[in-house]
Amino acid sequence: MRYVSTRNKNEHVSSAQAIERGLSGDGGLFVPEILPRLPKGAIGELCGMNYRQRAVYVMKLFLEDYTVAELTDFTNRAYGPEGFDTPRVAPVKKLDDTTHFLELWHGPTCAFKDMALQMLPYLLTAATAKNGETRKVCILVATSGDTGKAALEGFADVEGTRIMVFYPRDGVSDIQKLQMTSQEGSNVSVCAVNGNFDDAQTTVKEIFSDPELREELTDAGWMLSSANSINWGRLLPQIVYYISAYCDLLNSGDIHDGEKINFCVPTGNFGDILAGYYAMKMGLPVKRLICASNKNDVLTRFIKTGIYDRNRDFYTTISPSMDILVSSNLERLLFDLSGGDDNETAGYMEKLRDSGSYEISGKIKSALDAVFSAGSCDDNETKAVIARAFKEHKYLMDTHTAVAYGVLEKYRRETGDETRSVVVSTASPYKFCAAVLEALGETPAYTGPELIGQLESVSAVPAPAPLKALTGKTARFTKSLDKTELAAEVREFLK
Ligand SMILES: *Cc1c(COP(=O)(O)O)cnc(C)c1O
């Protein structure tokens, strides 16, 4: 199985090369040349497996240059009991007759980023060995919150790696900040940037493309790599949980063999929902994928109109991980829907870069309409959804999950489609305590991890242990630097 760039199909690489490189040299993203199909009888077989075994089975279909023994070792370590608070790893919870929640936040950082970032370090370090790369890997991350902590937790004390995370000093929640600055491990570093997320991200990109620095680091035995969601190694582990959720519903008797279901996904960078699309293309019985946005509804408008337009206001919302105007993984969907047309895909991306917008062809639009629906919820609607689900079902959900559930309810009202649906739940409500407390009609009484106790006593829903353990923790990393000082900080870190 080979991987090609979405902007140039003549660029072929192996899976290990795709994972090591992250991004293709032409700016495109790596995708499998041919998407594997689930073999006949696979779903039945997967139903008899636990989550880790399912992950080995599904990932092996994409990773010819990794052995089953390797993948078994990786999944045991990535999804083991030290990191995940349930052996089910990604449990499906039933809300009512037609609605389920796929909870992807039982990992060490309590957000769905763990599903991929617990696995990526193993895929990446094995990839460098397979490719004959002798340098050690330094991961640089610019984060707006969830990715930084999940990447730190994934790479902490992984041999042959170091990781450095930059976050905007005043741009993350107190809980997110403490999660990162109290990170343990001998190969980690965390640093605040005096500026916003864009400042941090732009500077990190500059560091990546600085040839002088690269050469200097190569001489010192280091290569730079990234852990963001354009890497195939982050997307692949996400395909697993769609298939696993389907198996769980079959096992619980909620669906029959071959029955089609809907997934509704809170979407930012389009990675999570794209993994669902790939699962469907592999043969998973899916009827519709519903893309949920917050007030930054650039994707919802795109799915409804076929026009992607980032020239619009940016809003800060209570679901910050979906506050995004350019969804990089959409490029992979366009490539697939165009029938693998690299020129067409490259053309759209050029328009996006030059003018901030593009309109897809009629052919792609009809392919899109055949699978995707979309909707959005603003902050008030989101809070109302949290309050209602808690009152009626005693089910407590975070702000991102609530956007998705709210959009699913709207979709059902608008279309009358009562197909059994799975809402993808992407974070523990305890990561966003203040907004969840407000949704429940309470006034947040603190600013830091004390909020966790307040939400626990209001809801009587137990908080995850890793978040509770933040109380009393102090920051190991307190530096706060200007943009111009970051490259020197990287040099110093790798000395
Ligand atoms: C990252 C994130 C999302 C968005 O996922 P994408 O793959 O970027 O679409 C949604 N919810 C939470 C809690 C997240 O951390």
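A quick note: this is a predicted structure, and the numbers were derived from the prediction, not measured.

Asker: Tell me about the site of the ligand, and name the residues and values.
Answerer: Taken together, 14 residues lie around the ligand, and Lys113, Asp146, Gly268, Asn269 and Thr426 are the ones closest in. Between Asp146 and the ligand, the recorded distance is 2.8 Å, taken from a side-chain N or O atom to an oxygen atom. A distance of 3.4 Å separates an oxygen atom of the ligand from a polar atom in the side chain of Ser321. Contact with the protein chains covers 96% of the free accessible surface of the ligand, which is 380 Å². Of the residues contributing to the shell around the ligand, the split by class is four nonpolar, seven polar and three charged.

Asker: For unusual backbone geometry, give the residues involved together with the corresponding values.
Answerer: As a rule of thumb, non-glycine residues mostly have phi less than zero, and peptide bonds are mostly trans rather than cis. With phi around 65°, Cys110 is a residue other than glycine that occupies positive phi space. Tracing the backbone through its elements, the reader meets Cys110 in the loop between strand E5 (99-103) and helix H5 (113-117). A residue is classified by how much of its surface remains accessible, and Cys110, at 0% relative accessible area, is buried. Even without being glycine, Lys394 reaches a positive phi, approximately 55°. Locating Lys394 in the fold gives a position in the loop between helix H17 (379-393) and helix H18 (399-415).

Asker: Now, about the sheet that holds strand E7 (residues 161-168): what can you tell me, with residues and values included?
Answerer: Taken together, five strands build an open sheet; the order of strands is E9-E6-E7-E8-E16 and the sheet is parallel. Unpaired on one side and paired on the other, strand E9 (222-226) and strand E16 (480-481) mark the two borders of the sheet. The strands touched by helix H8 (residues 174-181) are E7 and strand E8 (188-193); relative to E7, the strand with the most contacts, the crossing angle is about 155°.

Asker: Account for the sheet that holds strand E14 (residues 372-376), with residues named and values stated.
Answerer: What the six strands build is an open sheet, ordered E4-E5-E15-E10-E11-E14; its pairing is mixed. Each of the sheet's edge strands pairs with one partner strand only, and the pair in question is strand E4 (92-96) and E14. Pairwise comparison of adjacent strand axes, ignoring direction, gives a mean angle of 25° for this sheet. Bridging between strand E11 (residues 286-293) and E14 involves five bridges; their strand directions are parallel. For Leu289, the partnering residue across the bridge sits in E14 and is Phe372. Packing of helix H13 (residues 298-305) onto the sheet brings it into contact with E11 and E14, and relative to E14 it is tilted by some 140°.

Asker: Explain the packing of aromatic side chains to me, and be specific about the residues and the numbers.
Answerer: Within this structure, the stated rule accounts for 18 aromatic pairs. Look at Phe74 and Tyr122: their rings are 5.8 Å apart centre to centre, the planes differ by 20°, and that puts the pair in the stacked class. Of the two residues, Phe74 sits in helix H4 (residues 68-78) while Tyr122 sits in helix H6 (residues 120-130), which places them 48 residues apart along the sequence. The class of Tyr122 is buried, set by a relative accessible area of 15%. Each residue in the set Tyr3, Phe62, Trp232, Phe270, Tyr277, Tyr278 and Phe372 is aromatic and connected to the rest through ring pairs, giving one cluster.

Asker: Got a sec to walk through helix H10 (residues 211-219)? Specific residues and values, please.
Answerer: Capping the start of H10, Asp210 holds a side-chain oxygen 3.0 Å from the backbone nitrogen of Glu212, two or three residues further along. Phi turns positive, to about 90°, at Gly221, one or two residues after H10.

Asker: I'd like a rundown of the pattern of salt bridges, residues and numbers included.
Answerer: Applying the stated criterion across every chain yields a total of 28 salt bridges. For the salt bridge of Glu381 with Lys410, the shortest nitrogen-to-oxygen distance reads 3.0 Å. Residue Glu381 is located in helix H17, and its partner Lys410 is located in helix H18; the two are separated by 29 residues in the primary sequence. Residue classification places Lys410 among the partly exposed positions, given a relative accessible area of 21%.

Asker: An account of the environment of Asp417 is requested, with residue identities and associated values reported.
Answerer: Checked against the element boundaries, Asp417 lands in the loop between H18 and strand E15 (421-425). Looking at Asp417, the relative accessible area reads 10%, which means it is buried. In this structure, the C-alpha to C-alpha distance between Asp417 and Asn262, residues 155 residues apart in sequence, is 9.7 Å. Not counting the four nearest positions on each side in its chain, Asp417 is found in contact with Asn262, Lys287, Tyr411 and Arg412. A polar side-chain atom of Asp417 sits 2.4 Å from a polar atom in the side chain of Thr419.

Asker: An account of H17 is requested, with residue identities and associated values reported.
Answerer: The end-to-end C-alpha distance of H17 is 21 Å, a good match for the 21 Å that 15 residues give at a rise of 1.5 Å each. What H17 keeps buried is the set Thr382, Val385, Ile386, Ala389 and Phe390. Seen along its axis, H17 keeps its buried residues to an arc of 120°; they face one direction. In H17, the exposed positions that point more than 90 degrees away from the buried face belong to Asn380, Lys391 and Glu392. Buried residues along H17 sit in contact with H18, helix H19 (433-439) and helix H20 (450-459). Here H17 starts with a cap whose side-chain oxygen sits 3.1 Å from the backbone nitrogen of Asn380, and that cap is Asp378. Positive backbone phi, approximately 55°, marks Lys394, located one or two places after H17.

About the cut-offs
Residues numbered from 1 in each chain as written. Predicted model: local features only at pLDDT ≥ 70, side-chain atom pairs only at ≥ 80, totals over all residues. Heavy atoms only, no water. Near = heavy atom within 4 Å. Polar contact = N/O pair within 3.5 Å; in protein donor to acceptor, adjacent residues only side chain to side chain. Areas by Shrake-Rupley, 256 points an atom, 1.4 Å probe, with all protein chains shown as cover. Nonpolar A, V, L, I, M, F, W, Y, C, P; charged D, E, K, R; others polar. Helix = DSSP H or I, 4+ residues; strand = E, 2+ residues; numbered from the N terminus. Buried < 20%, exposed > 50% of the residue type's maximum accessible area, 1.4 Å probe, protein only. Pairing = 2+ DSSP bridges. Contact = heavy atoms within 4.5 Å. Axes fitted to C-alpha atoms, helices over the stretch in contact; angles between N-to-C directions. Phe/Tyr/Trp six-rings, centres within 6.5 Å; stacked < 30°, edge-to-face > 60°. Salt bridge = Lys/Arg side-chain N within 4 Å of Asp/Glu carboxyl O. Expected span 1.5 Å × (residues − 1). Arc of directions from axis to C-beta.

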